[in-house]
Amino acid sequence: MFISFEGTEGVGKTTLIRSLYEYFQQQGQDVVLTREPGGTPMAEQIRSLLLSVNHDEQMSNDTELLLMYAARAQHLEQVILPALQAGKVVLCDRFTDSSFAYQCAGRGLSREKLQLLNDNFVVKMPDITFWLDAPTELGMSRARERGALDRFEQEKVSFFEKVRSGFAEIYQNEPLRMKRLDATQTPEQVFKDALEQIQHKL
Ligand code: TYD
């Protein structure tokens with residue numbers, strides 16, 4: 001089973017993923033916890049490039065999109081596909097929906113560009129995607145509390161509003177794959193809701 005986790009900054013993805021990781025382990029399942037952009041040494045280098053605020057030039061939106069997919073191609077081939085083939089559960093912190101929400105809805109790139117990349121380079125989509133949804137302000141203040149802000153976290157509220165509406169659009173179009181979790185609830189309740197959806201899927 002391939003499960004991805006989505007949402008704007010600071011909505012509690014990491015906490016949920018860790019709880020589910022422990023749950024699957026306790027069930028005796030082989031489970032792989034990974035993230036995007038990143039998940040392999042090379043893809044993590046691309047991540048550093050993407051998140052760094054120390055560039056002498058501004059990163060173009062197209063470059064940002066292509067780097068996301070360069071990292072994803074590496075991650076799929078080296079980590080995700082082999083794990084799924086070996087019957088493992090894969091928990092992935094962000095996947096293609098982040099590209100739609102951030103690069104298309106947020107940055108304004110066309111859907112056609114993204115579609116072209118998805119059609120050609122993404123051979124496997126998640127079985128379930130959890131969208132942890134909360135008002136953007138809440139998440140941004142949590143992100144600020146965590147310390148130094150990366151290149152995305154430095155964006156304005158209006159950017160994250162667009163990103164959130166991007167996730168909402170996917171949720172409307174693909175209700176079977178994407179499940180919305182109310183991220184304003186306690187971490188325990190969010191975990192309970194997620195588990196219910198997984199058991200329902202199984
Ligand atoms: P992440 O580490 O999950 O950020 P956080 O835990 O702070 O929410 O992801 C890094 C950033 O990369 C995040 O701001 C969203 C962005 N991103 C994209 O813009 N497009 C993508 O396709 C992916 C996977 C991530």
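Refer to the structure above for everything that follows.
Here's what I pulled together on the structure shown here. This structure is a prediction, so every number in the text was calculated from the model and none was measured. (Residues numbered from 1 in each chain as written. Predicted model: local features only at pLDDT ≥ 70, side-chain atom pairs only at ≥ 80, totals over all residues. Heavy atoms only, no water.)

1. A word on the pattern of salt bridges
Here comes step 1: Applying the stated criterion across every chain yields a total of 16 salt bridges.
Here comes step 2: Put simply, Asp 62 and Lys 113 hold a salt bridge, and the shortest N to O gap is 3.0 Å. Of this pair, Asp 62 sits in helix α3 (residues 61–85) while Lys 113 is found in helix α5 (residues 111–121), placing the two residues 51 residues apart along the sequence.
Here comes step 3: Glu 137 serves as the salt-bridge partner of Arg 144, at 3.6 Å between the closest nitrogen and oxygen.
Here comes step 4: Beyond isolated ion pairs, a larger network of salt bridges with shared partners links Glu 64, Arg 107, Arg 151 and Glu 155. (Salt bridge = Lys/Arg side-chain N within 4 Å of Asp/Glu carboxyl O. Helix = DSSP H or I, 4+ residues; strand = E, 2+ residues; numbered from the N terminus.)

2. Examining the sheet that holds strand β5 (residues 178–182)
Here comes step 1: Taken in spatial order, the five strands make up an open sheet running β2-β3-β1-β4-β5, and their pairing is parallel. The outermost strands of the open sheet, each flanked by one partner alone, are β2 (31–35) and β5. Between one strand axis and the next, the sheet turns by 20 degrees as a mean value, whatever way the strands run.
Here comes step 2: Strand direction decides the pairing type here: strand β1 (residues 2–6) and strand β3 (residues 89–93), joined by four bridges, are parallel. The residue bridging Phe 5 from the neighbouring strand is Asp 93, located in β3.
Here comes step 3: The sheet strands contacting helix α1 (residues 13–26) are β1, β2, β3, β4 (128–133) and β5, and the helix crosses β3 at an angle near 170 degrees. (Pairing = 2+ DSSP bridges. Axes fitted to C-alpha atoms, helices over the stretch in contact; angles between N-to-C directions. Contact = heavy atoms within 4.5 Å.)

3. Concerning the site of the ligand
Here comes step 1: Taken together, 17 residues are adjacent to the ligand, and Lys 13, Arg 47, Arg 94, Ser 99 and Gln 103 come closest.
Here comes step 2: Within the side chain of Glu 9, a nitrogen or oxygen atom sits 3.0 Å from an oxygen atom of the ligand.
Here comes step 3: In this structure, an oxygen atom belonging to the ligand sits 2.7 Å away from a side-chain N or O atom of Arg 94.
Here comes step 4: Here the ligand, which alone exposes 540 Å², has 94% of that area covered by the protein.
Here comes step 5: When atom positions are compared with the pocket grids, the ligand is found to occupy the largest pocket.
Here comes step 6: Ranked by the residues each element gives to the shell around the ligand, the list is headed by helix α4 (residues 96–106), at four residues. (Near = heavy atom within 4 Å. Polar contact = N/O pair within 3.5 Å; in protein donor to acceptor, adjacent residues only side chain to side chain. Areas by Shrake-Rupley, 256 points an atom, 1.4 Å probe, with all protein chains shown as cover. 1 Å grid on protein atoms, 1.4 Å probe; cavity = no way out; pocket = protein on both sides within 12 Å on 5 of 7 lines; lining within 4 Å. Sits in = over half its atoms within 2 Å of the grid points.)

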